[in-house]
Amino acid sequence: MTQRVAIICGGRSSEHEISCISAGGVLAAIDRTAYEPILIGITKEGSWVLIPEDHTMAIVNGVLPSVPQNAPAVVVDVAGFSSGGKDLKIDIVFPLLHGPYGEDGTIQGLLEMADMPYVGSGVLASAVAMDKSFAKPIFASHDISTVPGIVVKEGVWKSSAAAITKEIAGLGYPVFVKPARGGSSRGTTKVKSADQLPAAVAEAHRFDSKAMVEKAIVGSEIECAVLEIDGAPQASIAGMIHIDSRFEFYDFEAKYLDGATSIELPAPIDSAIAEKIRNSAIKAFLALGCSGLARVDFFLSEKGEVIINELNTMPGFTATSVFPKMWAATGIRYSEVITHLLEGAQKRTNGVLGN
């Protein structure tokens with residue numbers, strides 16, 4: 001008997017469109033002999049709707065997809081999901097929501113109250129991973145090297161910009177300014193001098209009242225995927241990100257513009273360093289108490305230092321996303337990854353694996 005899987009996408013965050021593309025990827029790859037997908041969207045205004053399966057969930061002529069506002073309404077509460085007064089009879093939820101109001105523990109809390117099995121990390125791990133200012137001290141306490149930086153709150157910046165600018169100068173330019181709770185590099189700016197700082201901080205604060213200012217690490221960007229299989233986190237082979245010369249860093253356009261970036265698998269690095277990255281990815285996953293999956297991003301400095309950048313509890317599943325590519329290169333196909341995630345969600349809820 002097939003199980004009904006609610007693939008939830010869209011949401012109120014700045015990553016609404018990327019979430020829709022991710023949902024399209026999962027919808028196309030899910031094993032339909034075992035699962036019946038139901039596509040549920042959350043509009044940018046926060047309304048829940050039932051999306052027709054023929055709705056385009058891909059980039060067409062440069063236009064990003066979004067959740068249609070005129071689709072049938074979905075009611076979600078502690079009793080489950082319904083539309084038009086009928087129970088949708090959902091067995092498992094795959095919350096493919098990126099950023100705030102989805103990847104930050106909010107929807108996880110709703111699903112916990114509804115006693116509904118779902119893919120991915122729980123409330124606390126999701127919230128902590130989303131807020132890099134909280135995740136970094138936890139990583140450091142587990143002997144995982146982090147990027148030097150400071151937190152800049154919006155109110156404090158307005159009253160003490162000069163003092164904060166002086167503190168940032170101590171990091172040494174260039175620095176990166178980004179929202180503490182964001183993703184897809186939205187609101188991220190590379191700052192080369194103090195005069196560029198106000199605009200960069202303002203841009204980050206457009207997405208979050210708390211910004212991170214971090215020292216730029218000279219070196220390579222290395223990524224590693226983590227997947228729980230039978231309750232044990234496994235690490236994929238590590239991959240190196242290559243960015244088109246048109247882009248100065250791995251920003252939003254570089255991530256999602258066709259042909260702008262590529263990932264080299266396996267990363268052309270020393271085997272001992274590659275193993276350290278894989279071990280550090282699992283260590284970071286366990287340190288935050290994650291479940292299901294994660295993509296862990298690292299810097300490999302010119303001196304050979306392995307430094308964690310961030311951990312994403314719900315990485316992208318788009319055609320250009322590195323998470324499925326890393327697992328494919330490791331020997332686990334996209335559809336198999338999805339099956340592992342859905343089976344793991346069901347087992348955790350049933351208490352087989354614990355949570």
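Draft legend 1. Structural detail: the sheet that holds strand 4 (residues 75-77). Across the sheet, three strands lie side by side as 4-5-6; this open sheet has antiparallel pairing. Here the strands that pair on one side only, and so sit at the sheet edges, are strand 4 and strand 6 (86-87). The pairing of strand 4 with strand 5 (residues 80-83) spans three bridges and is classified as antiparallel. Paired with V76 across the bridge in strand 5 is F81.

Draft legend 2. Expanded view of the pairing of strand 5. Here strand 4 folds back onto strand 5, and the loop between the two strands holds two residues. Note that strand 5 and strand 6 share two bridges and pair antiparallel. Counted as the bridge partner of S82 is D87 from strand 6.

Draft legend 3. Seen up close, helix 6 (residues 197-207). Of the residues making up helix 6, those classed as buried are L197, A200, V201, A204 and H205. Along the axis of helix 6, the buried residues cluster in a sector spanning 135°; they form a single face. Exposed side chains of helix 6 directed beyond 90 degrees from the buried face belong to A199 and R206. If you follow the buried residues of helix 6, they end up packed against strand 8 (149-153), helix 5 (154-169), strand 9 (175-179), strand 10 (189-191) and strand 11 (210-215).

Draft legend 4. A look at the sheet that holds strand 10. Read from one edge of the open sheet, four strands run 8-11-9-10, paired in antiparallel fashion. What marks the edges here is a single partner per strand, and that holds for strand 8 and strand 10. The sheet shows a mean angle of 25° between the axes of neighbouring strands, taken without regard to direction. Pairing analysis gives five bridges linking strand 9 to strand 11, with the strands arranged antiparallel. In the strand pairing of strand 11, K178 is matched with M212. This element, helix 5, spans strand 8, strand 9 and strand 11 of the sheet and lies at about 155° to strand 8. Here helix 6 sits on the sheet and contacts strand 8, strand 9, strand 10 and strand 11; the angle it forms with strand 9, its principal contact strand, is near 25°.

Draft legend 5. A look at the packing of helix 3 (residues 123-130) against helix 4 (residues 132-141). Closest axis-to-axis distance for the helix 3/helix 4 pair is 5 Å, and the angle between their directions is 100°. It follows from the interaxial angle that helix 3 and helix 4 lie roughly perpendicular. Taken together, the residues of helix 4 that come into contact with helix 3 (itself represented by V128, A129 and M130) are K132, F134, A135 and I138. Each residue belonging to the contact of helix 3 with helix 4 can be placed in one class, and the counts come to six nonpolar, no polar and one charged.

Draft legend 6. Representation of the environment of C9 within the structure. Along the chain, C9 falls in strand 1 (residues 3-10). For C9, a relative accessible area of 0% translates into the label buried. Spatially, the C-alpha atom of C9 lies 5.2 Å from that of L96, the residues being 87 residues apart in sequence. Contact partners of C9, with chain neighbours within four places excluded, come to S19, C20, A23, L39, I40, G41, I42, I51, M57, V67, L96 and L97.

Draft legend 7. Just the packing of aromatic side chains, in detail. Within the structure shown, the criterion is met by four aromatic pairs. Seen in terms of ring centroids, F317 and F323 are 5.6 Å apart; in terms of plane orientation they differ by 50°. Their pairing is tilted. Taking the relative accessible area as the measure of exposure, F323 reaches 1% and is therefore buried. Here the basic side chain of R12 rests over the ring of Y101, its NZ or CZ set 4.1 Å away from the ring centre.

Draft legend 8. Seen up close, the packing of helix 5 against helix 6. One can describe the packing of helix 5 onto helix 6 by two numbers: an axis separation of 11 Å at closest approach and a directional angle of 140°. Classified by the angle their axes make, helix 5 and helix 6 are oblique. Every pair of crossing elements has a handedness; the one defined by helix 5 and helix 6 is right-handed. Of the residues in helix 6, those touching helix 5 at E154, W157, T165 and I168 are L197, P198, V201 and H205. Its residues assigned to classes, the contact of helix 5 with helix 6 shows five nonpolar, two polar and one charged.

Draft legend 9. Broad picture of the pattern of salt bridges. This structure, assessed with the given rule, holds 14 salt bridges. The salt bridge involving D131 is made with K210; its shortest N-O contact spans 2.8 Å. On the criterion of sequence distance, the pair formed by D131 in the loop between helix 3 and helix 4 and K210 in strand 11 is long-range, its members being 79 residues apart. In this pair, the class of D131 matches that of K210, namely buried. In this structure, E214 engages K178 in a salt bridge whose closest nitrogen and oxygen atoms are separated by 3.2 Å. Separated by 36 residues along the polypeptide, E214 in strand 11 and K178 in strand 9 bring together distant segments of the chain. Taking the relative accessible area as the measure of exposure, E214 reaches 5% and is therefore buried. The exposure class of K178 is buried, given its relative accessible area of 9%. The network of salt bridges with common partners includes K136, K178 and E214.

Cut-offs used in this document
Residues numbered from 1 in each chain as written. Predicted model: local features only at pLDDT ≥ 70, side-chain atom pairs only at ≥ 80, totals over all residues. Heavy atoms only, no water. Pairing = 2+ DSSP bridges. Helix = DSSP H or I, 4+ residues; strand = E, 2+ residues; numbered from the N terminus. Buried < 20%, exposed > 50% of the residue type's maximum accessible area, 1.4 Å probe, protein only. Arc of directions from axis to C-beta. Contact = heavy atoms within 4.5 Å. Axes fitted to C-alpha atoms, helices over the stretch in contact; angles between N-to-C directions. Parallel < 35°, antiparallel > 145°, perpendicular 65-115°, else oblique. Nonpolar A, V, L, I, M, F, W, Y, C, P; charged D, E, K, R; others polar. Phe/Tyr/Trp six-rings, centres within 6.5 Å; stacked < 30°, edge-to-face > 60°. Lys NZ or Arg CZ within 6 Å of the ring centre and 35° of its normal. Left-handed = near helix turned anticlockwise from the far one by under 90°. Salt bridge = Lys/Arg side-chain N within 4 Å of Asp/Glu carboxyl O.

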